[in-house]
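# Residue-level structure breakdown
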Amino acid sequence: MNTCNVFVSSDVAILNPELKVGLPPDITAFTGADALTSAIEAIVPPTKTSITVAHAFQAIWVIGKNYREQ
């Protein structure tokens, strides 16, 4: 959610994991790091809600569970 202006937020997000198939490993790692950063950023702002925090912690858990060192 955009905390600055409600009219700047997206109405829909299309998440298709098949788009990542065939990408180089470093690009895949960067997208995972970006997702983790976004999840952590959702916990920090003073405008956070219990729902956003719950989703952020769930995302962090899923990312951590699926992370593997190469």
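Here's what I pulled together on the structure shown here. Because the structure is a prediction, the values reported are computed rather than measured.

### Let's talk about the overall build of the chain
A tally of helices and strands in the chain yields 2 helices and 0 strands. Counting all 70 residues of the chain, 4% fall into the buried class. For the chain, the accessible surface area stands at approximately 6300 Å², while carbon and sulfur atoms represent 64% of it.

### Focus on the environment of I60
Within the secondary structure layout, I60 lies in helix α2 (residues 50-66). Sequence separation of I60 and A39 is 21 residues, and the distance between their C-alpha atoms is 6.3 Å.

### Side note on the packing of helix α1 (residues 25-41) against α2
When two helices pack together, their arrangement is captured by the angle between the axes and the distance separating the axes. Between α1 and α2, the least distance of the axes is 8 Å, while the angle of their chain directions is 150 degrees. Between α1 and α2, the angle is such that the two are roughly antiparallel. For the pair α1 and α2, the sense of crossing is left-handed. In this structure, α1 uses G32, A35, L36, A39 and I40 to contact α2, whose residues at the interface are A56, A59, I60 and I63.

### Quick look at a nonpolar patch on the surface
Taken together, the side chains of L23, I27 and F30 define a hydrophobic patch exposed on the protein surface, amounting to about 280 Å² of accessible area. A relative accessible area of 36% places I27 in the partly exposed class.

Reading the values: the criteria
- Residues numbered from 1 in each chain as written.
- Predicted model: local features only at pLDDT ≥ 70, side-chain atom pairs only at ≥ 80, totals over all residues.
- Heavy atoms only, no water.
- Helix = DSSP H or I, 4+ residues; strand = E, 2+ residues; numbered from the N terminus.
- Buried < 20%, exposed > 50% of the residue type's maximum accessible area, 1.4 Å probe, protein only.
- Areas by Shrake-Rupley, 256 points an atom, 1.4 Å probe, with all protein chains shown as cover.
- Axes fitted to C-alpha atoms, helices over the stretch in contact; angles between N-to-C directions.
- Parallel < 35°, antiparallel > 145°, perpendicular 65-115°, else oblique.
- Left-handed = near helix turned anticlockwise from the far one by under 90°.
- Contact = heavy atoms within 4.5 Å.
- Patch = residues over 30% accessible without salt bridge, like charges linked within 9 Å, V, L, I, M, F, W, Y side chains within 5 Å.
- Salt bridge = Lys/Arg side-chain N within 4 Å of Asp/Glu carboxyl O.

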